[in-house]
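Architecture and fold: a report
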Amino acid sequence: MELDPHTLPTDTAITTTLDEAIGWARESSLWPMIFGTACCAIEFMSVAASKYDISRFGAEVVRFSPRQADLLIVAGTITYKQGPILKQIYDQMSEPKWVVSMGACACSGGFYDNYTTMQGIDEIIPVDLYVGGCPPRPEALLDALLSLQNDLRTNTYDPERHKDFKGALDNV
Amino acid sequence: MFENIIISSNEIHSFIKGKYDEGFNYLLDITAIDYSEYVQTQEEEFALVYILRHKSFKKHIVIKAYVPIQEVETISDIFKGANWLEREVYDQYGITFKNHPNLRRVLNHKEFVGHPLRKSYPITKGQLLHEVDDLIDEMNNRLLSKDIICKLDSGLFGECNKDLMFLNLGPSHPASHGTIRTYVALDGETVEAAVSEIGYLHRGFEKSCENHTYNQIVPYTDRLNYCSAISNNIAFVKTVEDMLGVTLSKRAQAIRVMLLELSRIEDHVVCLAAVLVDMGGLTNYWYMYNPREDIYDLLSKLTGARLTNSYMRVGGMANDLYDGFEEDLKEVIKKIQYGVEQTLSLIKHNRIFHDRTQNVGVISAEDAINYAMTGPNLRATGVSFDMRKDAPYYGYENYEFDVVVGSVGDVYDRVMVRFAEIDESIKIIEQVMQNLPEGDVNIKDASITLPTKEAVYGTIEGAMNQFKLIFEGVKVPVGEYYGSIEATNGELGFFIVSDGSGTPYKVKVKAPSFTAMSAYPEIIEGAQLADAILTLGSLNIIAGEMDR
Ligand code: SF4
């Protein structure tokens, strides 16, 4: 849906579906919460800095409070010790919310196949988008953001999509 | 210069006290070795290793004691830095220390059962943590030591004889670098007591080393201090090369020096950018971070990766410099200088900056040494210890540069020392590039470096050679050795135990951030909360290196 105020008479009314209007609004106002723990978080710094500049895509309002954010970006290795904290942060975010797992570690444990590293954050929280790489280049994270935005534009948000998810720390 | 000494386990305390009085007052590291795969040839199943450095900084000693009973006297009364190091040995190996003030796990979580660095612990056996440690009893002890008495109501703090508020700084907090947790008791804005919990990024580096070949470990070292990956590569392969007794070509040494200094700059710019953001100076972030992007571009052209370069190999490096590297480097240096200049013009005469940093987060030289702090954090207190001068390697003695020292040991000094070190590093890089020797970057030894691709594809010897080196790894002679360099955060060392195979029997990192962090609670007690944040930033704690 494109609106150009210069070509439209000021008293124009448009018709659309509510879903589409909301999707359009959400698309360009994602507020990320960075759960950055390791090397991948340094690459996130690049994503936010001037060269890659995530604000070009309307997602630069980085919040470190889960209660103010709707996009959780998990950037870095998640250890078992970190597990309950990540889960708590996720639970504190209110709907609608999305989760991006950035980097091999968050996706699968990466090359840390050992006693302390969780083998992917989807052991404890549901993930919407996985970004591979160790670390992923900033472009890769931006690409994830764009594809999420595309999804918000074209599909209706489904709050039930993870309802069958049961993580290792649920119900304990 | 170093010396290996073997002592018996019941004289650990007295012997180390004696050495301390002789001037070995800098505790580098404590670790243990589990000899259970070699019980026939070793005296006992476990040994403890203490590494001390002399106050002249030119000599270190490695003291080893076999421990028959798994309990020894603590040395945390001699060195404050020993407190966390002994906790780590306890956590990882299960050796207990008598009279230790706070013997509990430090890297692994509180529900963890067993001691992962014991050979009997399976490497992939993970254990879930269900609930985070509330740190109440640790905090309570801390409060009691300051004569603050709090009632405990069903495990939580009730009323105290002072009006306190308890607060968690981190682990998920932008200024706590994502993984560091400090639990503070506040009286208004003043931190009355603090305890730090680390280990949130403990990702098993040392155990992983035990099932990878030496060259396979190089990518893991990238991720120790990921802000300056190449210097970790170099610290590791240099230790292995020292054990092999090989000397690199002049060219390889010079390239390593140049890359070490470039990494130092790369790391300092991000630390400075972040510390200024913590202070509210966001503009500086853009000025300081942009040159880092330029360094990334240069390094990706050279190594193929922006951040995690894995550029070094035992016996040399992945490839030589590319044509045109020198011109690219010159451009990058100009941009670094521009970024530094612009940032300094914003803060140098800025009243807010001075007020927020001077006499804030002070640590004295004496305490810094006792905590085994090193690098810029130590130099900021006025101690001129720099391995590049005191125990030079790779021809550092031939380059002209100054060791930058501070005088107070506050946030201001730590920040300014880093700014000045960027200039010194640029000086070194320019000297290296002026006289870059010709020649190969890899040593020629079929048992260490890989054959050329033509040899691999064209000859049977070449193919066999490649196959054996990749599968079996570089065979390092039997021995136990500690090697270190001056990395960005200070002395970064590796203690390696080799059993003669292509995989290390044990690796221990002497991580500068670990000891610096152990001093942090004491530094911030009595300070304002906002200053505690700045202090943490100025210490440049890198979780990957601290937690390993
Ligand atoms: S994926 Fe790689 S770069 Fe990212 S946190 Fe893990 S080890 Fe670091």
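1. A word on the overall build of chain A
- Looking only at helices and strands, chain A features five helices and four strands.
- Reading chain A from its N end, one meets helices and strands in the order α-β-α-β-α-β-α-β-α.
- When each of the 172 residues of chain A is scored for burial, the buried share is 50%.
- Contacts spanning at least 24 positions in sequence make up 78% of the contacts within chain A whose residues lie at least 6 apart.
- Carbon and sulfur atoms make up 53% of the accessible area of chain A, which totals about 7,900 Å².
- Averaging the locations of the 13 positively and 23 negatively charged side chains of chain A gives two centres separated by 7 Å.

2. With respect to unusual backbone geometry
- Looking along the chain, the bond that leaves glutamate 95 of chain A and enters proline 96 of chain A is cis, with omega of -5°.
- With respect to the helices and strands, proline 96 of chain A occurs in the loop between α3 (83–92) and β3 (98–102).
- A positive phi angle, near 60°, is found at leucine 135 of chain B, a position not held by glycine.
- Within the secondary structure, leucine 135 of chain B is located in the loop between β6 (96–98) and α3 (136–144).
- For leucine 135 of chain B, a relative accessible area of 1% corresponds to the buried category.
- Phi is positive for tyrosine 394 of chain B, which is not a glycine, with a value near 50°.

3. Overview of the site of the ligand
All names here are of chain A.
- Close contacts around the ligand come from 14 residues, with Cys39, Cys40, Ala104, Cys105 and Cys134 the closest.
- At the level of secondary structure, the elements contributing two or more residues to the shell around the ligand comprise α2 (39–48) and α4 (103–108).
- Looking at the shell around the ligand, the element that brings in the most residues is α4, giving three residues.
- Per-class residue counts for the shell around the ligand are eight nonpolar, four polar and two charged.

4. Observations concerning the sheet that holds strand β10 (residues 181–187) of chain B
Residues and elements named next belong to chain B.
- Taken together, the three strands give an open sheet; going across it, the order is β9-β10-β11, and neighbouring strands pair in antiparallel fashion. On the outer flanks of this sheet lie β9 (165–169) and β11 (190–197), each paired with one strand and no other. Averaged over all pairs of adjacent strands, the angle between strand axes in this sheet comes to 20°, irrespective of strand direction.
- Note: β10 against β11, seven bridges, orientation antiparallel. When the sheet's bridge partners are listed, leucine 186 is paired in β11 with valine 191.
- Against the sheet, α3 contacts β9, β10 and β11, and its axis sits at roughly 140° relative to β11.

5. Some points on the packing of aromatic side chains
- Evaluated as defined, the whole model comprises 26 aromatic pairs over all chains.
- Between phenylalanine 236 of chain B and phenylalanine 494 of chain B, the aromatic rings sit 5.3 Å apart at their centres with planes inclined by 70°, giving edge-to-face as the arrangement. Separated by 258 residues along the polypeptide, phenylalanine 236 of chain B in helix α6 (residues 229–244) and phenylalanine 494 of chain B in strand β15 (residues 490–498) bring together distant segments of the chain.
- Note on phenylalanine 236 of chain B: relative accessible area 0%, which makes it buried.
- Taken together, Tyr393, Tyr394, Tyr396, Tyr399 and Phe401 of chain B form an aromatic cluster joined through their ring pairs.
- The aromatic ring of tyrosine 90 of chain A is capped on one face by lysine 97 of chain A, whose charged end is 3.9 Å from the ring centroid.
- One cation-aromatic arrangement involves lysine 119 of chain B over tyrosine 505 of chain B; the distance from NZ or CZ to the ring centre is 3.9 Å.

6. A word on the side chain of threonine 74 of chain B
All names here are of chain B.
- Take threonine 74: it is sitting in the loop between β5 (71–73) and α2 (82–93).
- At 2.7 Å, the side chain of threonine 74 forms a polar contact with the side chain of serine 76.
- Within the structure, the side chain of threonine 74 is placed 2.5 Å from the side chain of glutamate 86, a separation counted as a polar contact.
- Each residue touching threonine 74, except ones within four places of it in the same chain, is listed here: His13, Glu86, Phe97, Lys98, Asn99 and His100.

7. Things to note about the interface of chain A and chain B
- Contacts between the two partners involve 39 residues from chain A and, on the opposite side, 51 residues from chain B.
- Viewed at the interface, chain B and chain A are joined by three salt bridges.
- Here chain A and chain B share 22 residue pairs in polar contact (both at pLDDT 80 or more) between them.
- Listing elements by their share of the side of chain A that touches chain B, those giving two or more residues are β1 (32–36), α2 and α3 of chain A.
- Among the elements that line the side of chain A that touches chain B, the one with the most residues is α2 of chain A, at six residues.
- Classifying every residue of the side of chain A that touches chain B gives 24 nonpolar, 10 polar and five charged.

8. Some words on the domain arrangement of chain B
- When the domains of chain B are assigned, the result is domain 1 (2–98), domain 2 (136–197) and domain 3 (205–510).
- Relative to domain 2 of chain B, the C-alpha centre of domain 1 of chain B lies at a distance of 32 Å.

9. Focus on the packing of helix α7 (residues 250–278) of chain B against helix α14 (residues 411–434) of chain B
Residue and element names in this part refer to chain B.
- Running from N to C, α7 and α14 point in directions that differ by 155°, and their axes come no closer than 9 Å. With respect to α14, the element α7 is oriented roughly antiparallel. Along this stretch, α7 crosses α14, giving a crossing that reads as left-handed. Here Ala254, Val257, Met258, Glu261, Leu262, Arg264, Ile265, His268, Val269, Cys271, Leu272 and Val275 of α7 lie close against α14, whose contacting residues are Val415, Arg418, Phe419, Glu421, Ile422, Ser425, Ile426, Ile428, Ile429, Val432 and Met433.
- Its residues placed into classes, the contact of α7 with α14 shows 17 nonpolar, two polar and four charged.

10. Quick look at the nonpolar core
Residues and elements named next belong to chain B.
- Within the largest apolar cluster, 175 residues are counted, with the highest numbers of intra-cluster contacts made by Leu48, Tyr50, Ile75, Met258, Leu259 and Phe494.
- Ranked by residues supplied to this core, first place goes to α7 with 15 residues.
- If near-sequence neighbours (up to four positions away) are discounted, tyrosine 50 is found in contact with Ile12, Ile16, Asp29, Ile30, Ile61, Val62, Ile63, Val72, Ile75 and Phe97.

Rules used throughout
Residues numbered from 1 in each chain as written. Chains lettered and ligands numbered in written order. Predicted model: local features only at pLDDT ≥ 70, side-chain atom pairs only at ≥ 80, totals over all residues. Heavy atoms only, no water. Helix = DSSP H or I, 4+ residues; strand = E, 2+ residues; numbered from the N terminus. Buried < 20%, exposed > 50% of the residue type's maximum accessible area, 1.4 Å probe, protein only. Contact = heavy atoms within 4.5 Å. Areas by Shrake-Rupley, 256 points an atom, 1.4 Å probe, with all protein chains shown as cover. Lys, Arg positive; Asp, Glu negative; His and termini not counted. Charge placed at Lys NZ, Arg CZ, Asp CG, Glu CD. Near = heavy atom within 4 Å. Nonpolar A, V, L, I, M, F, W, Y, C, P; charged D, E, K, R; others polar. Pairing = 2+ DSSP bridges. Axes fitted to C-alpha atoms, helices over the stretch in contact; angles between N-to-C directions. Phe/Tyr/Trp six-rings, centres within 6.5 Å; stacked < 30°, edge-to-face > 60°. Lys NZ or Arg CZ within 6 Å of the ring centre and 35° of its normal. Polar contact = N/O pair within 3.5 Å; in protein donor to acceptor, adjacent residues only side chain to side chain. Salt bridge = Lys/Arg side-chain N within 4 Å of Asp/Glu carboxyl O. Domains from an automatic or database assignment. Parallel < 35°, antiparallel > 145°, perpendicular 65-115°, else oblique. Left-handed = near helix turned anticlockwise from the far one by under 90°. Core = buried A, V, L, I, M, F, W, Y, C linked by side-chain atoms within 4.5 Å.

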